[in-house]
Amino acid sequence: MQTPGVQWVLTLTAGVDHIIEDVPDGVALYNASSLHDHAVAVHVLAGLLSAARNMHVYRDHQRAGTWLRQPEQMHTLRGQKVALWGYGHIGREIEQMLHPFGAEVLTVRSRTSDEARAAIRAEADYLVLLLPDTPQTRHTVDADFLRGMKPGSWLYNIGRGALVNQDDLLDALQSGHLGGAILDVTDPEPLPEGHPLWALDNVILTPHVGSATADVEARAADYAGEFIQTLLQGRTPEGAVDTGRGY
């Protein structure tokens, strides 16, 4: 790509996997994580509460016209262990939102040891994937990873679909090892018609809308304007991406 004079690129997304390979050497890349962190955190909280209160099951009963109470499958988040697998802007926002509900938040960061990661996987009631798509993270959630999760726990992927080996996830869901999965991202997207994940009662699917809001375009325009103003004032904007690490 010929980009004479270009010094920086701003993508109005949190993830950069769609653009990072096209950014020339020497050109700074910025993402817009803070534009999306609150909306994504709200989406995560909504999914966790829906799973905890069995809302997806009751919606299915509603469509069938069935009045079926299942209190034994319902709980609150009080005392539940929620693991945030990746702890940046969005993770911190989720943690703040979870505190009033009495959840115990466990965090996994890049410096977390393998032993600590295994321990967190084994004790978490919900494991929320917040990782970017990089060669190091792709398909890290495989059969071995899922076997290491607590029986009956839920996996929540709001990072990137490629983080998860979907065949292995399907096996873990159908075998009953996992209690369920909440998926805002899949691999591929859209999820193909007829894919088994569509039909599973213990899966909540949303079509990659975790950061979506009705006013996102207006917020993005404001964000871009503030970004440019920061540059014009000689200050360093937030959101600088380490292109070597992919985030």
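I will try to describe carefully the structure that is included in this document. Keep in mind it's a predicted model, so treat the numbers as computed, not measured.

Definitions and cut-offs
Residues numbered from 1 in each chain as written. Predicted model: local features only at pLDDT ≥ 70, side-chain atom pairs only at ≥ 80, totals over all residues. Heavy atoms only, no water. Helix = DSSP H or I, 4+ residues; strand = E, 2+ residues; numbered from the N terminus. Rg over C-alpha atoms; globule rule 2.2 N^0.38 Å. Buried < 20%, exposed > 50% of the residue type's maximum accessible area, 1.4 Å probe, protein only. Areas by Shrake-Rupley, 256 points an atom, 1.4 Å probe, with all protein chains shown as cover. Lys, Arg positive; Asp, Glu negative; His and termini not counted. Charge placed at Lys NZ, Arg CZ, Asp CG, Glu CD. Pairing = 2+ DSSP bridges. Axes fitted to C-alpha atoms, helices over the stretch in contact; angles between N-to-C directions. Contact = heavy atoms within 4.5 Å. Salt bridge = Lys/Arg side-chain N within 4 Å of Asp/Glu carboxyl O. Polar contact = N/O pair within 3.5 Å; in protein donor to acceptor, adjacent residues only side chain to side chain. Right-handed = clockwise from strand over helix to strand, strands pointing away. Parallel < 35°, antiparallel > 145°, perpendicular 65-115°, else oblique. Left-handed = near helix turned anticlockwise from the far one by under 90°. Nonpolar A, V, L, I, M, F, W, Y, C, P; charged D, E, K, R; others polar.

Section: the overall build of the protein
Okay, step 1: Within the protein, the regular secondary structure consists of seven helices and eight strands.
Okay, step 2: Since a compact globule built from 247 residues should have a radius of gyration of about 18 Å, the 19 Å found for the protein is in line with a globular shape.
Okay, step 3: Here the protein holds 247 residues, and the buried ones make up 44% of them.
Okay, step 4: For the protein, the computed accessible surface area is about 13400 Å², with 51% contributed by carbon and sulfur atoms.
Okay, step 5: A gap of 8 Å separates the mean positions of the 18 positive and 31 negative side-chain charges of the protein.

What about the sheet that holds strand E8 (residues 203–205)?
By definition, the strands of a sheet pair up through backbone hydrogen bonds, in either a parallel or an antiparallel sense.
Okay, step 1: An order of E4-E3-E5-E6-E7-E8 is seen for the six strands of this open sheet, with the pairing classed as parallel. The outermost strands of the open sheet, each flanked by one partner alone, are strand E4 (104–108) and E8. In this sheet, neighbouring strand axes are inclined to one another by 15 degrees on average, regardless of whether the strands run parallel or antiparallel.
Okay, step 2: Bridge count between strand E6 (residues 154–157) and strand E7 (residues 180–183): four bridges; the pairing is parallel. Its bridge partner lying in E7, Tyr-156 is registered against Ile-182.
Okay, step 3: Packed onto the sheet, helix H6 (residues 166–174) meets E6, E7 and E8 and runs at close to 140 degrees relative to E7.

Quick word on H6
Owing to its 3.6 residues per turn, the α-helix aligns residues three or four sequence positions apart on the same side.
Okay, step 1: Of the positions making up H6, those classed as buried are Gln-166, Asp-168, Leu-169, Leu-170, Ala-172 and Leu-173.
Okay, step 2: The inward-facing, buried residues of H6 abut helix H5 (143–147), E6, E7 and E8.
Okay, step 3: At the exit of H6 stands Gly-176, carrying a positive phi of roughly 90 degrees.

Brief notes about the pattern of salt bridges
Okay, step 1: The tally for this structure, following the rule as stated, stands at six salt bridges.
Okay, step 2: Note that Lys-150 is salt-bridged to Asp-125, the shortest N-O span being 2.7 Å. Of this pair, Lys-150 sits in the loop between H5 and E6 while Asp-125 sits in the loop between helix H4 (114–123) and strand E5 (126–129), placing them 25 residues apart in sequence.
Okay, step 3: For Lys-150, a relative accessible area of 30% gives the class partly exposed.
Okay, step 4: Its salt-bridge partner being Asp-144, residue Arg-147 comes within 2.2 Å of it at the nearest N-O pair.

Topic: the side chain of Arg-121
Okay, step 1: Positionally, Arg-121 belongs in helix H4.
Okay, step 2: A polar contact of 3.2 Å, which involves the side chain of Arg-121, links it to the backbone oxygen of Phe-145.
Okay, step 3: Arg-121 has contacts with Trp-85, Leu-127, Asp-144, Phe-145, Gly-148, Met-149 and Lys-150, leaving out every residue within four places of it along the chain.

Structural notes on the environment of Val-216
Okay, step 1: Assignment of secondary structure puts Val-216 in helix H7 (residues 216–232).
Okay, step 2: Note on Val-216: relative accessible area 25%, which makes it partly exposed.
Okay, step 3: Put simply, Val-216 and His-36 are 180 residues apart on the chain and 8.7 Å apart in space, counted from C-alpha to C-alpha.

What about the pairing of E6?
Okay, step 1: Here E6 shows two buried faces, one formed by Trp-154 and Tyr-156 and the other by Leu-155 and Asn-157.
Okay, step 2: For E5 and E6, the ladder comprises four bridges, and the chain directions are parallel. In the strand pairing of E6, Val-128 is matched with Tyr-156.
Okay, step 3: Since E6 and E7 lie parallel, the crossover through H6 that links them has a hand, and here it is right-handed.

Notes on the packing of helix H1 (residues 33–52) against helix H3 (residues 89–98)
Packed helices, taken two at a time, are described by their axes: the angle between them and the distance between them.
Okay, step 1: Two elements in contact, H1 and H3, have axes whose closest approach is 8 Å; the angle formed by their N-to-C orientations is 45 degrees. Judged on the interaxial angle alone, H3 and H1 are oblique. Both H1 and H3 take part in a crossing whose hand is right-handed. Of the residues in H3, those in contact with Ser-33, Asp-37, His-38, Val-40, Ala-41, Val-42, Val-44, Leu-45 and Leu-48 of H1 are His-89, Ile-90, Glu-93, Ile-94, Met-97 and Leu-98.
Okay, step 2: Taken together, the residues of the contact of H1 with H3 sort by class into ten nonpolar, three polar and two charged.

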